[in-house]
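# Architecture at a glance
The lines below spell out each chain.
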Amino acid sequence: MTETFLGFPRPDGRVGVRNQVAILSAMDNTNPSAERIAGIVAGTIVISTPFGRTQIGDDFEMTMKTLTGIGAHPNIAAVLVLGLSLDSAKPLADRIRPSGKPVEVLGLQEAGSTLALTTEGARIAADLVVQASEQSRQACPFSDLTIAVECGGSDTTSGLASNPTVGRFADRFIDSGGTIILSEPAEFMGAEHLLAARAENPEDADKIYAMVQWFEDEAKRNGVDMRGINPTPDNIAGGLSTLEEKSLGAIAKGGTRPITQVIGYAEPPTKSGLVIMDTPSAACESMTGLVGGGAQIIIFSTGRGNAIGAPVAPTIKITGNPHTAKSMPENIDVDVSAIISDGENLNVASERLWIEVMKIAAGKITRAEVLKEDQLSVSRFGPSV
Amino acid sequence: MDKIIVLGERDNVATCLADFDAGSVVHAAGLDVALSDAIQFGHKFALTDIAAGAEICKYGEVIGVASVDIAIGQHVHVHNIESVRARGDKANGDQERGDKS
């Protein structure tokens, strides 16, 4: 049986599950104009950064690579890039253009004023949205779909219910030809040997150990006792005592299949199967890297309750905590707390998740989307000068 | 799911999926255990006496070590077990730095 999802084929061969126009502010000082344009034009979303000026070296390249990945993302039909001047906006626009989608550029100084930029930008954005609306969904194979798995606000139920449910989904999705990205290697700590043993090639096993070691060395170099930071106070209140315990529960959401590739922050996978991405443990920063790498959907498991989603990629909230399911139903897409409270079988819960993911891929709106719970946060590795 | 679960054969802690009062006698891993502390939903108790420095196992894997002697039935959490990973406070031979603050 060939399983398919309904998506928007893009000129570069990738497939979107959404069809929005991005107003992409390449730097801090045009963010208000981007927000105004998005307020005027239906069907647009803002992609912005609080930085983008006088960044240097690897740090600047990380920001550019991530914003490029988000602009070129298949869930985005077209992009309007804004910058203080055309000179400062064009390099980002030029990096997005190979995606083949419409890319327009405006500079504040060339437009004349922020209100002039808003007017001109709204006119262009409206045209892009109208053009994009002519595109329609087609049946596409799962090999065109990358789903990232994430967790936040973890507690004991994450490792017992929601993450194992996501893990079963991941195995089935990979067996159907899809790609799953597991991230946040600091939260592999204490469980990295289990993942490394699943790497298809020895270099990737070494990379998994090295990624975790980097975070451990950073904690030691800074004289930090990781216990005060991770597990977080809400993790601890939820019953998680150590990072090792949290990690063993966290990796369950990656399922059991072999690891085919290990990639850097905001890098697109080039292989299907289970892929590991090197991201920080902060959910927004991690999800920004996952979106930069082209993940079209994120499944976000939460225990104590974390409502934040990614921009661009619909973020599906799943919880196994009966209290959270009851207290924040407007933020939860899939409630698997019956595993804990009513003995629901993990395979049955996973089937319910599968059905919901397919609906959301086909256009059903997530709770994070409808409540605009999204935050973009690009990792930084150095000061601006 | 049962209200008390043990996830691995070598585990020396059990996880509660309901709130239990101190003094409750519960059944886990073939044992009747009297809980000496109240155990909240999601928290763990000891299935055996555990000496300070001994490994704590859940999921059949090591999740930390006992920082003090722990008796069967006691709450097992951050007050009596600790991580052995990413301990910058114990780096550079300064074993006590974190404990003084």
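### Things to note about the interface of chain A and chain B
Contacts between chain A and chain B engage 28 residues on the former and 26 residues on the latter. Counting only elements with at least two residues in the side of chain A that touches chain B, the list comes to helix H6 (156-175), helix H8 (202-221), helix H10 (243-250) and helix H13 (338-341) of chain A. Of the residues contributing to the side of chain A that touches chain B, the split by class is 11 nonpolar, 10 polar and 7 charged.

### Some details on the nonpolar core
Residues and elements named next belong to chain A. Counting residues in each nonpolar core, the largest one holds 132 residues, and the members touching the most others are Val-81, Ile-297 and Ile-298. Each of domain 1 (20-132) and domain 2 (140-370) accounts for three or more of the residues forming this core. Setting aside its immediate chain neighbours within four residues, Ile-298 contacts Ala-148, Glu-150, Met-287, Leu-290, Ala-310, Ala-313, Thr-315 and Ile-316.

### Observations regarding the sheet that holds strand E5 (residues 44-46) of chain B
Strand-to-strand pairing in sheets goes through backbone hydrogen bonds, with the strands running parallel or antiparallel. Residue and element names in this part refer to chain B. Strand order in this open sheet of 4 strands is E1-E2-E5-E8, and the pairing throughout is antiparallel. Two strands close off the open sheet at either side, each with one partner strand: strand E1 (4-5) and strand E8 (75-76). Both strand E2 (residues 13-16) and E5 contribute to a ladder of 3 bridges, which runs antiparallel. Residue pairing for E5: Val-13 is matched across the bridge by Ala-46.

### Things to note about the sheet that holds strand E14 (residues 334-335) of chain A
Residue and element names in this part refer to chain A. With parallel pairing, 7 strands are arranged side by side in an open sheet as E10-E11-E9-E8-E12-E13-E14. For this open sheet the edge positions go to strand E10 (259-263) and E14, each flanked by a neighbour on one side alone. Sheet topology places strand E13 (residues 315-319) next to E14; 2 bridges connect them, and they run parallel. Looking at E14, one finds that Ile-318 is bridged to Val-334. Against the sheet, helix H11 (residues 283-292) makes contact with strand E8 (146-152), strand E9 (179-182), strand E11 (273-277) and strand E12 (297-302), and its axis sits at roughly 175 degrees relative to E8, the strand it touches most.

### Points about the pairing of E11 of chain A
Every regular strand shows the same layout, with side chains that alternate between the two sheet faces. Residues and elements named next belong to chain A. A large share of E11 lies buried, amounting to 4 of its 5 residues. Judged from the 4 bridges that link them, E9 and E11 form a sheet pairing that is parallel. The residue bridging Ile-180 from the neighbouring strand is Leu-274, located in E11. One ladder, built from 4 bridges, connects E10 with E11; its direction is parallel. Looking across to E11, one finds that Gln-261 is bridged to Val-275.

Definitions and limits used
Residues numbered from 1 in each chain as written. Chains lettered and ligands numbered in written order. Predicted model: local features only at pLDDT ≥ 70, side-chain atom pairs only at ≥ 80, totals over all residues. Contact = placed C-beta atoms within 7 Å. Helix = DSSP H or I, 4+ residues; strand = E, 2+ residues; numbered from the N terminus. Nonpolar A, V, L, I, M, F, W, Y, C, P; charged D, E, K, R; others polar. Core = buried A, V, L, I, M, F, W, Y, C linked by C-beta atoms within 7 Å. Buried ≥ 20, exposed ≤ 12 C-beta atoms within 10 Å, placed from the backbone. Domains from an automatic or database assignment. Pairing = 2+ DSSP bridges. Axes fitted to C-alpha atoms, helices over the stretch in contact; angles between N-to-C directions.

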